[in-house]
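Residues per chain, in single letters:
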Amino acid sequence: MNDTDDDYCLIDASRPPKAGGPPYAACVLCQEPTEYPESYKGITMCPVCEWREAERTSCSG
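Residues numbered from 1 in each chain as written. Predicted model: local features only at pLDDT ≥ 70, side-chain atom pairs only at ≥ 80, totals over all residues. Heavy atoms only, no water.

Chemist: Pulling in residues and values, what's your account of the environment of Tyr-24?
Modeler: Along the chain, the position of Tyr-24 falls in strand β1 (residues 24-26). With relative accessibility at 35%, the residue Tyr-24 sits in the partly exposed group. Spatially, the C-alpha atom of Tyr-24 lies 4.7 Å from that of Pro-37, the residues being 13 residues apart in sequence. (Helix = DSSP H or I, 4+ residues; strand = E, 2+ residues; numbered from the N terminus. Buried < 20%, exposed > 50% of the residue type's maximum accessible area, 1.4 Å probe, protein only.)

Chemist: Now, about a nonpolar patch on the surface: what can you tell me, with residues and values included?
Modeler: A cluster of nonpolar side chains, Val-28, Leu-29 and Ile-43, forms an exposed patch at the surface whose accessible area comes to about 310 Å². Among the secondary structure elements, Ile-43 is positioned in the loop between β2 (33-37) and α2 (47-57). Take Ile-43: its relative accessible area is 65%, and that puts it in the exposed class. (Patch = residues over 30% accessible without salt bridge, like charges linked within 9 Å, V, L, I, M, F, W, Y side chains within 5 Å. Areas by Shrake-Rupley, 256 points an atom, 1.4 Å probe, with all protein chains shown as cover. Salt bridge = Lys/Arg side-chain N within 4 Å of Asp/Glu carboxyl O.)

Shown next, in the form of structure tokens:
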């Protein structure tokens, strides 16, 4: 059986497209540059805050 996060985790993990270069959107939590384009409308987080949020909301098995 091929288990992936999608098989058992009910959290919507959709992400904005990665930017090809500057300008980058600011992280909504710490205001550091993210990997996402500034033109993206929605919640964007830097890699550090993204990792912390994933740890905080991860599904436990």
